[in-house]
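A closer look at the structure
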Amino acid sequence: HKQDMMVHLPLEILVQIFRNLCHDDLKIVFLVSKYWKVAAEDKTLWRNFNLNIKLRLHCDAWKLLDSERFSLLENLSLEGLYNASDIELDNENLELISQLKLKHLRLSKISLRKTDPKLFARVLNRMETVDLTNIENSSKDHFEAFFNLFAAGSSRLDKLRLDNWTGFDASEIEPEVVGKALNQLEELEVNSTKIGDEQLRSLFQNMNRRTNLRMVSFWGLNLSRIDPNILAGAVHKMRVAKVRNAQLTTIQIARILRRVVDISHLRVLDIRDNESTRYVNPDLKRESLRILERFDYDAARKCQHGKVFVCWLFYIILFIGSFYI
């Protein structure tokens, strides 16, 4: 009788019960009965599901997004083939994405050849989090439409990650537009993506004046031409600053570390993969290690490797020496 009661519970009650299940368990619930499948497909149960679609040529993956189950979906990741140019995002796909209630969008290994720049910009600026990785066949119009809409203050975007965006060139966009737009974010990560010197200067100048940013992460950018005082001031407005493989100069690094002892928001600093770190005053590095919650730099790692090498050398000498005793 208890089993019959569970089978015939009202759908509303079943949905409330299923809220206590993870999404993997919900997939199993589909197999129990058609009645339970109806309840398990309730769109409110799938709102927080992380939908990761692997796009392939001539696949029907887009039909998933058109289902009632995912009409309230907040998290979507679309990943193409290794050769990004093989998978093209067209306007019909973008319109489908725009109809969802998405907050977090990740696009990886995808071509924008058939994508309308203004529609692309509108869709991205409706998100709270955007991650663009290995994007190909984009044009100046795509960058310009995105940044202009962003800078206008009509964006919901809080977190932006640009990783190896082939063809991206922010140097063609008005520097102040780029600087103002990026400072409206709370978190920014840029890896191996081209941003011009003037645009970078505008970014850091705006960080010094007024910014919403609390975390920045840069890898593979050339920041050597940024004024050391402006760079140091911007870094110390952050709680987390990761500036790796950025060709930082000795003076830039020293200015950043000297500011650590002053009143600063900075809690985590990562300056690994910058050759000039080895020439900075060791006292500055020791003081930063003491004050910051976390401080990563190459010299500390090399020191640790050196200790390991000495230990191994010691054991080898003992081993060889044992044959002569």
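Heads up: the structure comes first, above all this text.
Residues numbered from 1 in each chain as written. Predicted model: local features only at pLDDT ≥ 70, side-chain atom pairs only at ≥ 80, totals over all residues. Heavy atoms only, no water.

Here the focus is the sheet that holds strand E2 (residues 75-79). Sheet architecture is open: ten strands sit in the order E1-E2-E3-E4-E5-E6-E7-E8-E9-E10, paired in parallel fashion. The sheet terminates laterally at strand E1 (50-54) and strand E10 (294-296), the two strands that pair on one side only. Mean inter-strand twist for the sheet, computed between neighbouring axes without regard to direction, equals 5 degrees. (Pairing = 2+ DSSP bridges. Helix = DSSP H or I, 4+ residues; strand = E, 2+ residues; numbered from the N terminus. Axes fitted to C-alpha atoms, helices over the stretch in contact; angles between N-to-C directions.)

Quick look at the pairing of strand E8 (residues 240-244) now. Remark: a regular strand shows side chains that alternate across the two faces of the sheet. Residues Ala241 and Val243 of E8 are buried on one face, while the alternating residues Val240, Lys242 and Arg244, pointing to the opposite face, are not. Pairing between strand E7 (residues 215-219) and E8: five bridges, direction parallel. Looking at E8, one finds that phenylalanine 218 is bridged to valine 243. The parallel pair E7 and E8 is bridged by helix H11 (residues 228-235), and the resulting crossover is right-handed. Of the strand pairs in this sheet, E8 and strand E9 (residues 268-270) are connected by three bridges, and their pairing is parallel. Each residue of the ladder has a partner; that of valine 240, found in E9, is valine 268. (Buried < 20%, exposed > 50% of the residue type's maximum accessible area, 1.4 Å probe, protein only. Right-handed = clockwise from strand over helix to strand, strands pointing away.)

Once that is clear, we can look at the environment of methionine 207. Along the chain, methionine 207 falls in helix H10 (residues 197-209). Separated by 28 residues in the primary sequence, methionine 207 and valine 235 have C-alpha atoms spaced 8.4 Å apart. If sequence neighbours within four positions are ignored, methionine 207 has contacts with Asn183, Leu213, Val216, Ala234, Lys237 and Met238. (Contact = heavy atoms within 4.5 Å.)

This part takes up the side chain of aspartate 131. Along the chain, the position of aspartate 131 falls in strand E4 (residues 129-133). In this view, aspartate 131 contacts Leu105, Arg106, Leu107 and Arg161; residues no more than four positions away in its chain are not counted.

So, on to the pairing of strand E3 (residues 104-108). Across five bridges, the pairing between E2 and E3 is parallel. Across the sheet, the residue bridging to serine 77 is arginine 106, located in E3. As judged from the five bridges shared by E3 and E4, these two strands associate in the parallel manner. The residue of E4 that forms the bridge with arginine 106 is aspartate 131. Crossover handedness for the path E3 to helix H7 (residues 117-125) to E4: right-handed.

With respect to the helices, strands and loops of the structure, arginine 267 is situated in the loop between helix H12 (250-258) and E9. Here arginine 267 falls in the partly exposed class, since its relative accessible area comes to 29%. Taking the C-alpha atoms as reference points, arginine 267 and phenylalanine 295, 28 residues apart in sequence, are found 8.5 Å from one another.

All buried positions along helix H2 (residues 11-18) are accounted for by Leu14, Val15 and Phe18. Along the axis of H2, the buried residues cluster in a sector spanning 100 degrees; they form a single face. (Arc of directions from axis to C-beta.)

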